[in-house]
2 protein chains.
Amino acid sequence: MKIPLAAWLSSTQWRLTLRDDVLAGIVVGIVLIPQSLGYALLAGLPPVYGLYATIVPVLIYALVGSSNTQAIGAVAITSIMTAQALAPFAQGQPSRYIALAALMALVVGIILLVAALLKLGWIMRFISRGVMAAFITGAAILIITGQVKYVFGLHSRGDTFPQLLWGFWQQKNDINLVTLLLGLSATLVLWLNRRYMTLLLVKFKLSSITANITAKLVPIGVIFLASLVVYQWSLASRGVSIVGAIPAGLPTFALPVLAEHSQWLTLLSSALLIALIAFISSASVAKSVALQRQESFDANSELFGLGLANISGAFFQGLPIAGGFSRTAVNIEAGAKTPLAGIVSAIIVMLVLLLASAWFYYLPLAVLGAGVIVAVSNLIDLRTLKMAWRSDKTEALAYVLTLLGVLLAGLQIGLVIGFMWSLLALIWRSNQPHVAVVGQLGQTAEFRNIERHHVKTWPKLLLLRIDENLFFGNSDKVASRVWQEVDKRPELADVVLIFSAINHVDLSSQWMLKNVEQQLLARNIQLHFAEIKGFVMDKLINTPLIEEWHGKIFATTEQAVAALTPSPCEPEYNL
Amino acid sequence: MKIPLAAWLSSTQWRLTLRDDVLAGIVVGIVLIPQSLGYALLAGLPPVYGLYATIVPVLIYALVGSSNTQAIGAVAITSIMTAQALAPFAQGQPSRYIALAALMALVVGIILLVAALLKLGWIMRFISRGVMAAFITGAAILIITGQVKYVFGLHSRGDTFPQLLWGFWQQKNDINLVTLLLGLSATLVLWLNRRYMTLLLVKFKLSSITANITAKLVPIGVIFLASLVVYQWSLASRGVSIVGAIPAGLPTFALPVLAEHSQWLTLLSSALLIALIAFISSASVAKSVALQRQESFDANSELFGLGLANISGAFFQGLPIAGGFSRTAVNIEAGAKTPLAGIVSAIIVMLVLLLASAWFYYLPLAVLGAGVIVAVSNLIDLRTLKMAWRSDKTEALAYVLTLLGVLLAGLQIGLVIGFMWSLLALIWRSNQPHVAVVGQLGQTAEFRNIERHHVKTWPKLLLLRIDENLFFGNSDKVASRVWQEVDKRPELADVVLIFSAINHVDLSSQWMLKNVEQQLLARNIQLHFAEIKGFVMDKLINTPLIEEWHGKIFATTEQAVAALTPSPCEPEYNL
């Protein structure tokens, strides 16, 4: 398992990257602040806990993480998953809720660590792209509808889309206009900034990178401006909810509480899904970065680093964390080369907590909500659905089912639905074998589907290409397809099964093939094989199927044709 | 849905087969009697209920069943499954137990009927051969160990192998020697009969069919002889358990009782598995018969007939039933041609119940047990395990897991374990894509794995044959394999992915391929496709993958080679 920091310290060139890393660290540290505050709020925690989560875990990840440049911390998806998972347990006790969030981080971390030791990195592959896209889209929609309450100055709660809408409807009269004004204007400013600022700055001859970074720094400006406004006209007294007093100082060491016996099962299942999602998103970020920088990527060491980061965070008032895509992008754009950047960003956050925590007192929640809304709005991914609809209907259906599941039944159920659907589709597909009758294309060595090409066929010879691995699930269908074609051909003397697309023949199918051969022999028709792949033959060679095989086994289809038809092909085909 | 009887009545030739059918019906009717008595006992019911189950259901099946010649009734496997399913509910009340058995038949029948309407016949394919063989073997072992108690005159109970053994151990002192003598001698006689009678009779110049049938009639002789012995020396008073009084007359119409609310879930899950097994065994019997007689076989109409048979039985003191392999064999050997044979056999059983039920009074359970033991002993199938071990290790493991599950945890759990394992193996396999680097074999149109053949390769050209459908589960592995091979080849200019074995490319893999192409382009390497099958191309043609494809798409690998290598192959390859 590679540990970048060690490699980096041992390398003599670290002085070269020092300046870049420090700069990047400072930028990320500043960008982190509004994001972290917002995502903590999203997780149902006091905003400051978002900052706590970007100190110890970030330092630990810098030491053991798989990526040189990934910036981790509280992210939108895992935060809302945490909120939904803990909601039933809070019983309206904030302190209890905070303790459970730390516990969740611990459990998630342990799961990730165990997964790393068991080398379960491959698991991430079993969430298909469509399901993942739908899950993130659904989460983003839930997050936005959930944050609207801050922008409108409401307090409705709910895990599903209908619940949230119903909540607004009930409270439609409690809307606080001052808050709404603040929230909407902040949303507008941040949205315009995200949308046009970079282009604008580039017009003013800034390099696109500088422009990008400047744009990323605007939100911190917005929250300070907003705080100032609230302070100036003491809007808090006008019903604008504010962050309020933040305990100055760093997060303190605290052992996570244990859940009650009855809660463990639910907690564990939630933790499993949070861990899965945290890993998938972090891994995909780390991986795309690694590819850009032509570094290698090892899923298991990412699991390891992320696991330790979460565990360490759990002991410092943390919540479940993962790699953040946007902040990682900032980190790289700002020139980060090594984990040092992460360390610097953590130091920045510490300084803010030590010296400037008071500044957040008047920060209105509406503005934090606006920040979250604008940030997650571009997680909504309908393009994947469009692509899936054109190229892979099953996947499109997986997308729709997952999205509906997330919106109507909650994040976890939605994810599970999508996952189950993918597996069912996989099984169903392998149960639908495509079997093509092929013929010779001109005088070539090519044999193509007779339904698609003008090909040469023979009344006494049937060439069948089986386009699926043979297993118990589809062997019967293949057999009946063979009979169907055989019955069409009264003169038939030979049948050749072309195995070019077959990589596995399980026991049930071996049995099936033996039966088909015997039944064909009863009709004086001989069954042959062609184009059995080497590694398939290795497995079959010692089976009764091959040992007691009456027919021939041809290396190629044209050899089969040459041997079984009166008119042989050109000599060079007969090897 | 074909209804054989209707076809048969409408045909004018039924007179021709009348004599054969009546004879076969009589033979089967007689053979049925000891079997049915024994299997009812096996199901935990009074023996006579086995006879009840071979009247109404058999008549109904004759009307609507899919097979002309299949003989249905109480069979060993479904009987023991029923026993295990109902054991927890009986609460030691025989009447309650009997009612629940009828209810089980009803639920099983309804499930089968629904499955027929939903056309779920394909479901039977999802129990692999290895799992089915292991399940039946395990069931046979459980049955035999379960029946031993009758032969030894004990009363131990138990659903698992250890429980049964422990039961014997505890009761080792209660063995009834007279019973044991009766039971062992019956076992011996029946075993010798099964093993050697036919051969012997053939020696005496009987036709093998007549010999077979005679051998099949021996058991009925044995039970009457045994009854006579018990009566003569009044062994009942010596502790030999006997069938005792059987209510004369036919089964009476009775509405099945309903289970208690709390029991439904368990009952339903058991019924599902019993229905599955009843269907699989019946269907496989009916199917092999249909193949022998070159008749068509429709799984769904078999589901339908079996469902109605079970439902009708449920209203006449029945228990879950299925197609019996041995009795069907007898039916065919005895010359049955049409469902009439089934009707005749039902009439025989009715006559026995009406006129001769008293004859069973002294029939010792030990002899029935002996009959069951000998009958099921040849269900033990280790050959499949041996075959699987040689040709398909995954399947061998499936066999072992299922068998252990059945013996140690009971039939249902064993079956579920085997089923889950099959699915996992399926998923795991498709997650292990085989990717081969191929080269040209001599001057031929063949391209083979470079690790297996002496083939021609080119430093600037890499030919990769992907031997698995591309889906989210394996696309990452394929990508990393591509990179692995690319990194080995500094001079590389073109990569050709050969799709000859690919039948499906899901969305995630399309994405993967786009990424790989872009990353290869960044290194000035061009990615191409070859041998994409027609029906695969149909699905891909409108996708961004193909629309925005920079590389070429070749019909064949040799065309790719001709286009991408300096030295072209023979002109006739360039089409």
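The rules behind each value
- For every chain, the first residue of its written sequence is number 1, and the numbers climb from 1 along that sequence.
- The naming scheme follows written order: chains are lettered A onward, ligands numbered 1 onward.
- Totals for whole chains, interfaces and linings use all residues, but because this is a predicted model, local features are given only for residues with pLDDT of at least 70 and pairs of side-chain atoms are given and counted only at 80 or more.
- Values reported for side chains reflect all heavy atoms of the structure, with hydrogen atoms and water molecules removed beforehand.
- Angles here are taken between N-to-C directions and fall from 0 to 180 degrees, while the axes themselves are lines fitted to C-alpha atoms, restricted in helices to the stretch in contact.
- Secondary structure is summarised from DSSP: a helix means a run of H or I of at least four residues, a strand means a run of E of at least two, and numbering begins at the N terminus for each.
- These descriptions rest on fixed angle ranges, namely under 35 degrees for roughly parallel, over 145 for roughly antiparallel, 65 to 115 for roughly perpendicular, and the rest for oblique.
- In this scheme the handedness of a crossing depends on how the near helix is turned from the far one: anticlockwise by less than a right angle means left-handed, clockwise means right-handed.
- Throughout, a residue-residue contact means that at least one pair of heavy atoms, one from each residue, lies within 4.5 Å.
- In this classification, the charged set is Asp, Glu, Lys and Arg, the nonpolar set is Ala, Val, Leu, Ile, Met, Phe, Trp, Tyr, Cys and Pro, and all remaining amino acids, among them Gly, are polar.
- By convention, the term buried area covers the 1.4 Å-probe accessible surface removed from two parts as they join, with the contributions of both added.
- Think of a salt bridge as a Lys or Arg side-chain nitrogen and an Asp or Glu carboxyl oxygen that are within 4 Å of each other.
- Relative accessibility thresholds used throughout: buried, under 20% of the residue-type maximum; exposed, over 50%; partly exposed, between the two (1.4 Å probe, protein chains only).
- The atoms used to superpose the copies are C-alpha atoms, taken from residues with pLDDT of at least 70 in both, and the fit is least squares.
- The pairing criterion for strands is at least two bridges between them, as found by DSSP.
- Whether a crossover is right-handed comes down to one check: with the strands pointing away from the viewer, does the path from the first strand over the helix to the second run clockwise; if it does, it is right-handed.
- Centre distance within 6.5 Å is the pairing criterion for rings of Phe, Tyr and Trp, where only the six-membered ring of Trp is used; planes under 30 degrees apart are then read as stacked, over 60 as edge-to-face, and the remainder as tilted.
- Charges are assigned to positions over rings by a cutoff of 6 Å between ring centre and Lys NZ or Arg CZ, combined with an angular limit of 35 degrees from the ring normal.
- Here, the term nonpolar core denotes a set of buried Ala, Val, Leu, Ile, Met, Phe, Trp, Tyr and Cys residues that are joined through side-chain atoms within 4.5 Å.
- Helices are assigned an expected span. That span is 1.5 Å times one less than the residue count.
- Throughout this description, a polar contact denotes any pair of N or O atoms lying within 3.5 Å of each other; where both atoms belong to protein, one of them has to be capable of donating a hydrogen while the other can accept it, and for residues adjacent in sequence the pair is counted only when both atoms sit in side chains.
- Our arc is simply the arc of the directions from the helix axis toward the C-beta atoms.

1. Some points on the packing of helix α6 (residues 94–117) of chain A against helix α12 (residues 299–314) of chain A
All names here are of chain A.
Step number 1: One can describe the packing of α6 onto α12 by two numbers: an axis separation of 7 Å at closest approach and a directional angle of 155°. Between α6 and α12, the crossing angle belongs to the class labelled roughly antiparallel. Considering how the two elements wind past one another, α6 and α12 form a crossing that is left-handed. Within the contact between the two elements, α6 uses Ala102, Ala105, Leu106, Val108, Gly109, Ile110, Leu112, Leu113, Ala115 and Ala116 and α12 uses Asn300, Leu303, Phe304, Leu306, Gly307, Leu308, Asn310, Ile311 and Ala314.
Step number 2: Tallied by class, residues from the contact of α6 with α12 come to 15 nonpolar, four polar and no charged.

2. What about the interface of chain A and chain B?
Step number 1: On the chain B side, the residues contacting the 65 residues of chain A number 65 residues.
Step number 2: A combined buried area of about 6,000 Å² lies between chain A and chain B, and 60% of that area is made up of carbon and sulfur atoms.
Step number 3: For chain A, the biggest contributors to the area lost against chain B are Arg125, Phe472 and Trp511 of chain A; these three give 13% of the whole.
Step number 4: Close ionic contact of aspartate 538 of chain B with arginine 452 of chain A constitutes a salt bridge, the shortest N to O distance being 2.6 Å.
Step number 5: When residues in the side of chain A that touches chain B are grouped by element, the largest group, seven residues, is from helix α18 (residues 411–430) of chain A.
Step number 6: In the side of chain A that touches chain B, the residues fall into 20 nonpolar, 22 polar and 23 charged.

3. What about the pattern of salt bridges?
Residues and elements named next belong to chain A.
Step number 1: If you walk through the whole model with that rule in mind, you get 24 salt bridges over all chains.
Step number 2: Across the salt bridge formed by arginine 489 and glutamate 485, the nearest N and O atoms sit 2.9 Å from each other. Grouping residues by exposure puts arginine 489 and glutamate 485 together as buried.
Step number 3: Through salt bridges with shared partners, a single network forms among Arg481, Glu485, Lys488 and Arg489.

4. Quick notes on unusual backbone geometry
Step number 1: For glutamate 531 of chain A, which is not glycine, the phi torsion reads 60° and is therefore positive.
Step number 2: If you trace the backbone, glutamate 531 of chain A turns up in the loop between β7 (526–530) and α21 (534–540).

5. Some words on the relation of the copies chain A and chain B
Step number 1: Screw-axis analysis of chain A against chain B gives a translation of 0.0 Å along the axis, an RMSD of 0.2 Å, and a rotation angle of 180°. One copy is carried onto the other by what is essentially a two-fold rotation axis. Scanning chain A for the C-alpha nearest the rotation axis identifies alanine 501 of chain A, at a separation of 1.9 Å.
Step number 2: Here 100% of the interface residues in chain A have copies in chain B that are interface residues too; the copies meet face to matching face.

6. A short note on the pairing of strand β5 (residues 461–466) of chain B
All names here are of chain B.
Step number 1: For β5, the buried fraction is high: six of the six residues fall into the buried class.
Step number 2: Pairing of strand β3 (residues 435–440) with β5, which is carried by three bridges, proceeds in the antiparallel orientation. Within β5, the residue paired with alanine 436 across the bridge is arginine 465.
Step number 3: Strand direction decides the pairing type here: β5 and strand β6 (residues 494–498), joined by five bridges, are parallel. Following the sheet pairing, leucine 463 is matched in β6 by valine 496.
Step number 4: With respect to chirality, the unit in which β5 leads through helix α19 (residues 475–487) into the neighbouring parallel β6 is right-handed.

7. Here's the deal with the packing of aromatic side chains
Step number 1: Summed over all chains, the structure comprises 22 aromatic pairs over all chains.
Step number 2: When the ring of phenylalanine 253 of chain A is compared with that of phenylalanine 316 of chain A, the centres are 5.6 Å apart and the planes differ by 75°; the resulting orientation is edge-to-face. Placement of phenylalanine 253 of chain A in the loop between α10 (208–232) and α11 (264–292) and of phenylalanine 316 of chain A in the loop between α12 and β2 (322–323) is noted, with a sequence separation of 63 residues between them.
Step number 3: According to the relative accessible area criterion, phenylalanine 253 of chain A is exposed, its value standing at 52%.
Step number 4: Note on phenylalanine 316 of chain A: relative accessible area 24%, which makes it partly exposed.
Step number 5: With a centroid separation of 4.1 Å and 15° between ring planes, the pair formed by phenylalanine 529 of chain B and tryptophan 549 of chain B is classed as stacked. Residue phenylalanine 529 of chain B is located in strand β7 (residues 526–530), and its partner tryptophan 549 of chain B is located in the loop between α22 (544–547) and β8 (553–554); the two are separated by 20 residues in the primary sequence.
Step number 6: Here phenylalanine 529 of chain B falls in the buried class, since its relative accessible area comes to 0%.
Step number 7: Judged by relative accessible area, tryptophan 549 of chain B falls into the buried class, the value being 10%.
Step number 8: In textbook terms, an aromatic cluster arises when at least three aromatic residues are bridged by ring pairs, as seen for Phe224, Trp359 and Phe360 of chain A.
Step number 9: In this structure, lysine 172 of chain A packs its charged tip against the face of tryptophan 169 of chain A, placed 4.2 Å from the ring centre.

8. Describing the nonpolar core
Step number 1: Ranked by size, the top nonpolar core spans 120 residues in total, and within it Leu37, Met81, Met104, Phe135, Phe360, Leu411 and Leu415 of chain A carry the most contacts.
Step number 2: Examining the composition of this core, we find that 14 residues originate from one element, α6 of chain A, more than from any other.
Step number 3: Residues within four places of leucine 411 of chain A in sequence aside, it is in contact with Ile80, Met81, Gln84, Phe135, Ala139, Leu142 and Val406 of chain A.
Step number 4: Within the second largest apolar cluster, 116 residues are counted, among which are Ala43, Val48, Val222 and Met350 of chain B.

9. Points about helix α12 (residues 299–314) of chain B
Residues and elements named next belong to chain B.
Step number 1: The end-to-end C-alpha distance of α12, which contains 16 residues, comes to 23 Å, matching closely the 22 Å that a straight helix rising 1.5 Å per residue would cover.
Step number 2: The element α12 is largely enclosed, with a buried count of 14 among its 16 residues.
Step number 3: Two or three places before asparagine 300, at the start of α12, stands the capping residue aspartate 298, its side-chain oxygen 2.9 Å from that residue's backbone nitrogen.

10. Some words on the packing of helix α9 (residues 177–203) of chain A against α10 of chain A
Residue and element names in this part refer to chain A.
Step number 1: Where α9 contacts α10, the axes come no closer than 9 Å and their chain directions differ by 160°. With respect to α10, the axis of α9 lies roughly antiparallel. In this structure, the crossing between α9 and α10 has a hand that is right-handed. Contact residues: α9 offers Leu182, Val189, Leu190, Asn193, Met197, Thr198, Leu201 and Val202, while α10 offers Ser208, Ala211, Asn212, Thr214, Ala215, Val218, Pro219, Val222 and Val230.
Step number 2: Split into classes, the residues belonging to the contact of α9 with α10 amount to twelve nonpolar, five polar and no charged.

11. Brief notes about the side chain of arginine 481 of chain B
Residues and elements named next belong to chain B.
Step number 1: Mapped onto the elements of the fold, arginine 481 is located in helix α19.
Step number 2: Judged by relative accessible area, arginine 481 falls into the buried class, the value being 18%.
Step number 3: At a separation of 2.5 Å, a polar atom in the side chain of arginine 481 contacts the main-chain carbonyl oxygen of valine 435.
Step number 4: Among residues more than four places away in sequence, those in contact with arginine 481 are Val435 and Val437.

12. Focus on the sheet that holds β3 of chain B
Residues and elements named next belong to chain B.
Step number 1: Spatial ordering of the open sheet is given by β4-β3-β5-β6-β7-β8, a layout of six strands whose pairing is mixed. Because the sheet does not close on itself, it has two edges, and the strands there are β4 (447–449) and β8.
Step number 2: Of the strands in this sheet, β3, β5 and β6 touch α19, which is tilted by about 155° from β5.
Step number 3: Along the sheet, helix α20 (residues 507–522) makes contact with β6 and β7, crossing β7 at roughly 140°.

13. Describing helix α16 (residues 383–391) of chain B
Step number 1: Within α16 of chain B, the full set of buried residues consists of Thr384, Met387, Ala388 and Ser391 of chain B. Seen along its axis, α16 of chain B keeps its buried residues to an arc of 100°; they face one direction. Exposed and facing more than 90 degrees away from the buried side of α16 of chain B are Lys386 and Trp389 of chain B.
Step number 2: Against α20 (507–522), α21 and α22 (544–547) of chain A together with α7 (129–152) and α17 (393–409) of chain B lie the buried residues of α16 of chain B.

14. Observations regarding the pairing of β3 of chain B
Residues and elements named next belong to chain B.
Step number 1: Burial within β3 is extensive, with six of its six residues counted as buried.
Step number 2: What you see with β3 is no split at all: Val435, Val437 and Gly439 on one side and Ala436, Val438 and Gln440 on the other are buried throughout.
Step number 3: As judged from the three bridges shared by β3 and β4, these two strands associate in the antiparallel manner. Directly across from valine 438, in β4, lies its bridge partner asparagine 449.
Step number 4: Hairpin connection, β3 to β4: the antiparallel pair is bridged by six residues, and glycine 442 has positive phi, about 55°.

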